[in-house]
Amino acid sequence: MRLIKPILIGCAVVVGLLSSYVPTVAAEAVEAETFEFQAEVNRLMDIIINSLYKNKEIFLRELISNASDAIDKIRYLSVSDPTVLDSKKELDIRIQFNSDERTLTITDAGVGMTKADLVANLGTVAKSGTTNFVEAMSQSENSGDLSLIGQFGVGFYSVYLVADKVKVRSKHNNDDQYIWESSADSSFSVWKDPEGNTLGRGTEITLFLKEDAGEFLDQDRLEELVLRYSEFITFPIYLHKSKTETVTIEDDEDEEDLDDEDDEEILDEEDEEEEEEDDTEPKTEQVTTWEWHQVNSQPAIWARDTKEVSDDEYKSFYKSLSKDASDPTTWIHFKAEGEVEFKSILFVPGQVPFDLYDSYHTKNAQLRLYVRKVLITDEFEDLVPRYLNFLRGVVDSDDLPLNVSRETLQQHKVLKVMGKKLVRKALEMLRKLASKSDDDSSDDDDEDEESDTDSDESEEEENKEDPYLDFWEKFGKNIKLGIIEDPANRSKLTKLLRFKSNKSGDGYTSLEKYVENMKEWQKAIYFIAGESVQAVEDSAFLEKVKAKDLEVLYLVDPIDEYAIQHVTEFDGKKLQSVTKEGLKFGDEDEALEKKREKAYKENFKPLTDYLKTLYGDAISKVTVSKRVEKSPCIIVTSQYGNSANMERIMRSQAFTDQQKTGYMASQKTLEINPRHPIISELNTRVQAQGATDDDTIADLAWLLLDNALMQSGFPAYDIQGFNDRMLRSVFQPGLSVDSLDLVPEIEIPEDDEEDEAGADDVDDLDDIDLSDFAGTDEL
């Protein structure tokens, strides 16, 4: 068994320096022995107290961990000798505080320490009684049953982060009860407890808190820290909590003072006083009661066998861990072996965190690292890659190489090994979820083919939520980011991708399913990128594809095209964009196609030459298309250039450099449809007239280009020129307008001004109220 070995600055030197002490006899009244630390120890203690630990609250974790070790030790000893538990049966840890005396006390029912143990373990920094015990027991045959974390010496001294003075009271079965006390100065004292055996067995540590450590006298704060660091400790942890209640006081003094003569009078007035008594509120007072409350009720289910844990327990554990009210989508529980051994449970949340993508580059997976059920940290940066930052779970290892403060891992190599295993298991979990989803959907299809079902039942089947598709809609973007960021696992992540397609309906399809449904002659996986499903469904690029009854994947998420650039092929099939050059379908007669292509090129050479000369730098070349059916022409991009969708995304970036964007613009090719009547007629006119000075043909040619650009997802080449050509070539002849010159402004007759003035006077007379002048000489 590998043990945690603390590594401190000059560890070998420290052990030598700290192993000795100088005893002196104190006053007889106290009957205590005082031991002085060496000068080097004082310096080292100052480092421990002021520099070693990052957070003051760590002290509570260290003390609870040591207490758990002590109980674990006595329980192990009880296996061979049950009588060791006779002195105290309960194996628990109790925490109590006193606000008036500013003390915090942690008591355990562990193995306890003798006087020699107190001097050796607490008098020597980085000396661990637990470590010695483990080393001794590791040589025995049953050493494999022992599971301890103890680093008592250094962990114990973290108490001086919050305390001025510490008193340790301990009782071992083989010795009397002794007290150890120190103020973290140059000495410590040990004496026999004058109160005798009050503990039965175990250790009681009392901290006299500093002025700035008042937060640890708050029961809510203490409970929060116990839940954070020691929630899954095997033994129960009790906190002494107060509870204030309002109780009613019964007032019996008047009845005791009544004389016999007054009895009759009271009876006569009883009825009258009843109503008054009903209206009078009873007297109450605030009563504070103290009781022991168990804090760590949640079991560490990752330490159990997977067959012993029910689904309800997994769900309950997830909610306790993540503070999420919804159930997890799925989980995986496993034990990793090899270079580093650990147990882990990973969960996929049922709900998406509100800031998952807002802070993607700074948000880490919420995985907690435990060492024998004691929390070490929940702040990881390199354990799993960023694209898995939605994961929740725990990782518990018995032999991680921690530094002396237990707050950081010492070997980065171990983190990498753990990270690889966690990533592999996480992807395995998602793969199983996806496979189960695919199996369920195929079963549903088989049932539909074999028999007809009632309409109501079939609707329920359709409305059934697919767990993986539910995950995909929430966290699919993370998988696509993984395609970009994690080349080592790219093949596994590719199988998790889901896309809309022209044949998927309202659902999704995977690359595996796409390959299964491919035509026998089909050689590539076709996709098209666009702004929305509606935009790509109506695209002219799909005309030939639909005519051949081929499936095309829709890449409508802005990140889709970035991700798919890293996936060149799947299952031996190349991924091909239908918007780029080099599109082939595989069912053509190559010899016949070459002859037809040559004939079209010769026939339309006058038009292609004219258009290339007319457009200039607007396009790179003009060719005859084989991909369009109904449209007259279309714009395609080079094989390795940006598509229209990618250019749209780049233009939308907040910090886009327009000059740089211009350099990265793709080379555009205009493909004309030789069978379209407009193209055929335009070719005829160019051949007949030469079309060198014909503005009408030029306008129509430019309109064709602008139409092709916008239909292909690009903006018009020249917005103002496009506007002028539309007015000149479409609206003017369509409305039979002779000229586009503006007509004269409308003329306003001069009499209209006088008529308006007279009308205003009449309106003023209408506004006069004659009743205002009633009874006056003016009226």
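Whatever comes next refers back to the structure up there.
Anyway, here's the lowdown on the structure attached to this text. (Residues numbered from 1 in each chain as written. Predicted model: local features only at pLDDT ≥ 70, side-chain atom pairs only at ≥ 80, totals over all residues. Heavy atoms only, no water.)

Describing the pairing of strand β3 (residues 93–98)
Phase 1 of the analysis: The alternating pattern of β3 places Ile93, Ile95 and Phe97 on a buried face and Arg94, Gln96 and Asn98 on a face that is not buried.
Phase 2 of the analysis: As judged from the six bridges shared by β3 and strand β4 (residues 103–108), these two strands associate in the antiparallel manner. Counted as the bridge partner of Arg94 is Thr107 from β4.
Phase 3 of the analysis: With antiparallel pairing between neighbouring strands as the criterion, β3 and β4 make up a hairpin whose turn holds four residues, including Arg102 at a positive phi of roughly 55°.
Phase 4 of the analysis: Sheet topology note: the β3/strand β9 (residues 237–249) ladder contains three bridges and is parallel. Bridged to Ile93 within β9 is Ile237. (Buried < 20%, exposed > 50% of the residue type's maximum accessible area, 1.4 Å probe, protein only. Helix = DSSP H or I, 4+ residues; strand = E, 2+ residues; numbered from the N terminus. Pairing = 2+ DSSP bridges.)

Regarding the sheet that holds strand β12 (residues 342–348)
By way of backbone hydrogen bonds, the strands of a sheet pair with one another, either parallel or antiparallel.
Phase 1 of the analysis: Taken in spatial order, the five strands line up as β11-β12-β15-β13-β14 in an open sheet, and their pairing is mixed. Each of the sheet's edge strands pairs with one partner strand only, and the pair in question is β11 (330–336) and β14 (374–377). For this sheet, the mean angle separating the axes of adjacent strands, direction not counted, is 20°.
Phase 2 of the analysis: Bridge count between strand β13 (residues 366–371) and β14: three bridges; the pairing is antiparallel. Residue pairing in the sheet places Val371 in a bridge with Val374 of β14. (Axes fitted to C-alpha atoms, helices over the stretch in contact; angles between N-to-C directions.)

Topic: the pattern of salt bridges
Phase 1 of the analysis: On inspection of all chains with the given rule, the structure shows 40 salt bridges.
Phase 2 of the analysis: Asp72 is paired through a salt bridge with Arg75; the nearest N and O atoms lie 3.2 Å apart. With Asp72 and Arg75 both in helix α3 (residues 58–80) and three residues apart, this pair spans about one turn of that helix.
Phase 3 of the analysis: For Arg75, a relative accessible area of 36% translates into the label partly exposed.
Phase 4 of the analysis: The residue Arg368 makes a salt bridge to Glu231 at a minimum N-O spacing of 4.0 Å. (Salt bridge = Lys/Arg side-chain N within 4 Å of Asp/Glu carboxyl O.)

Examining the packing of helix α21 (residues 605–615) against helix α24 (residues 677–689)
Phase 1 of the analysis: It is the contact of α21 with α24, at a shortest axis distance of 8 Å, that shows an interaxial angle of 85°. The orientation of α21 with respect to α24, classified from their angle, is roughly perpendicular. For the pair α21 and α24, contact is made by Pro606, Leu607 and Tyr610 and by Ile679, Leu682, Asn683, Val686 and Gln687, respectively.
Phase 2 of the analysis: Broken down by class, the residue content of the contact of α21 with α24 amounts to six nonpolar, two polar and no charged. (Parallel < 35°, antiparallel > 145°, perpendicular 65-115°, else oblique. Contact = heavy atoms within 4.5 Å. Nonpolar A, V, L, I, M, F, W, Y, C, P; charged D, E, K, R; others polar.)

Observations regarding the sheet that holds strand β22 (residues 633–637)
Phase 1 of the analysis: Spatially, three strands are ordered β21-β23-β22 in an open sheet, and the strand pairing comes out mixed. In the strand order of this sheet, the two ends are held by β21 (621–624) and β22, each with one partner. For this sheet, the mean angle separating the axes of adjacent strands, direction not counted, is 30°.
Phase 2 of the analysis: Across five bridges, β22 lies against strand β23 (residues 668–672) in antiparallel orientation. By the bridge assignment for β23, Ile634 is matched with Glu671.
Phase 3 of the analysis: Contacting β21 and β23, α21 crosses the sheet at an angle of about 145° to β23.

A word on unusual backbone geometry
Phase 1 of the analysis: One non-glycine residue, Asp549, adopts positive backbone phi at about 60°.
Phase 2 of the analysis: Mapped onto the elements, Asp549 comes out in the loop between α18 (543–547) and β18 (552–555).
Phase 3 of the analysis: Of note in this structure, Asp571 is not a glycine but carries a positive phi near 55°.
Phase 4 of the analysis: Considering the arrangement of structural elements, one finds Asp571 in the loop between β19 (569–570) and β20 (573–577).
Phase 5 of the analysis: Classification of Asp571 by relative accessible area gives exposed; the value is 57%.

Focus on the pairing of β13
Phase 1 of the analysis: For β13, the buried fraction is high: five of the six residues fall into the buried class.
Phase 2 of the analysis: As defined by bridge partners, β13 adjoins strand β15 (residues 392–397) across six bridges and the pair is classed as parallel. Residue Arg368 lies in a different strand from β15, and its bridge partner there is Val394.
Phase 3 of the analysis: Where β13 folds back on β14, the antiparallel hairpin that results is connected by two residues, among which Arg372 adopts a positive phi of roughly 50°.

Focus: the packing of aromatic side chains
Within a pair of aromatic rings, the relevant descriptors are the distance that separates the centres and the angle that separates the planes.
Phase 1 of the analysis: Within the structure shown, the criterion is met by 22 aromatic pairs.
Phase 2 of the analysis: Relative to Phe347, the ring of Tyr318 lies with its centre 5.2 Å away and its plane at 45°, an arrangement referred to as tilted. Of this pair, Tyr318 sits in helix α11 (residues 311–322) while Phe347 is found in strand β12, placing the two residues 29 residues apart along the sequence.
Phase 3 of the analysis: Taking relative accessible area as the criterion, Tyr318 reaches 1% and is therefore assigned buried.
Phase 4 of the analysis: Between Trp331 and Phe347, the ring centres sit 6.4 Å apart and the planes meet at 50°, which makes this aromatic pair tilted. Taken as a pair, Trp331 in strand β11 and Phe347 in strand β12 lie far apart in primary sequence, 16 residues in all.
Phase 5 of the analysis: With relative accessibility at 0%, the residue Phe347 sits in the buried group.
Phase 6 of the analysis: The ring of Tyr238 carries Arg94 above its face, with NZ or CZ at 4.4 Å from the centroid.
Phase 7 of the analysis: Directly above the ring of Tyr508 sits Lys500, whose terminal nitrogen or CZ lies 4.6 Å from the centroid. (Phe/Tyr/Trp six-rings, centres within 6.5 Å; stacked < 30°, edge-to-face > 60°. Lys NZ or Arg CZ within 6 Å of the ring centre and 35° of its normal.)

What to know about the environment of Ile71
Phase 1 of the analysis: Mapped onto the elements of the fold, Ile71 is located in helix α3.
Phase 2 of the analysis: Sequence separation of Ile71 and Asp92 is 21 residues, and the distance between their C-alpha atoms is 7.6 Å.
Phase 3 of the analysis: Sequence-distant contacts of Ile71, that is, excluding residues within four places in its chain, are made with Leu91, Asp92, Ile93, Asp108, Ala109, Gly110 and Phe235.

Remember that the coordinates give geometry; whether it matters functionally is a separate question.
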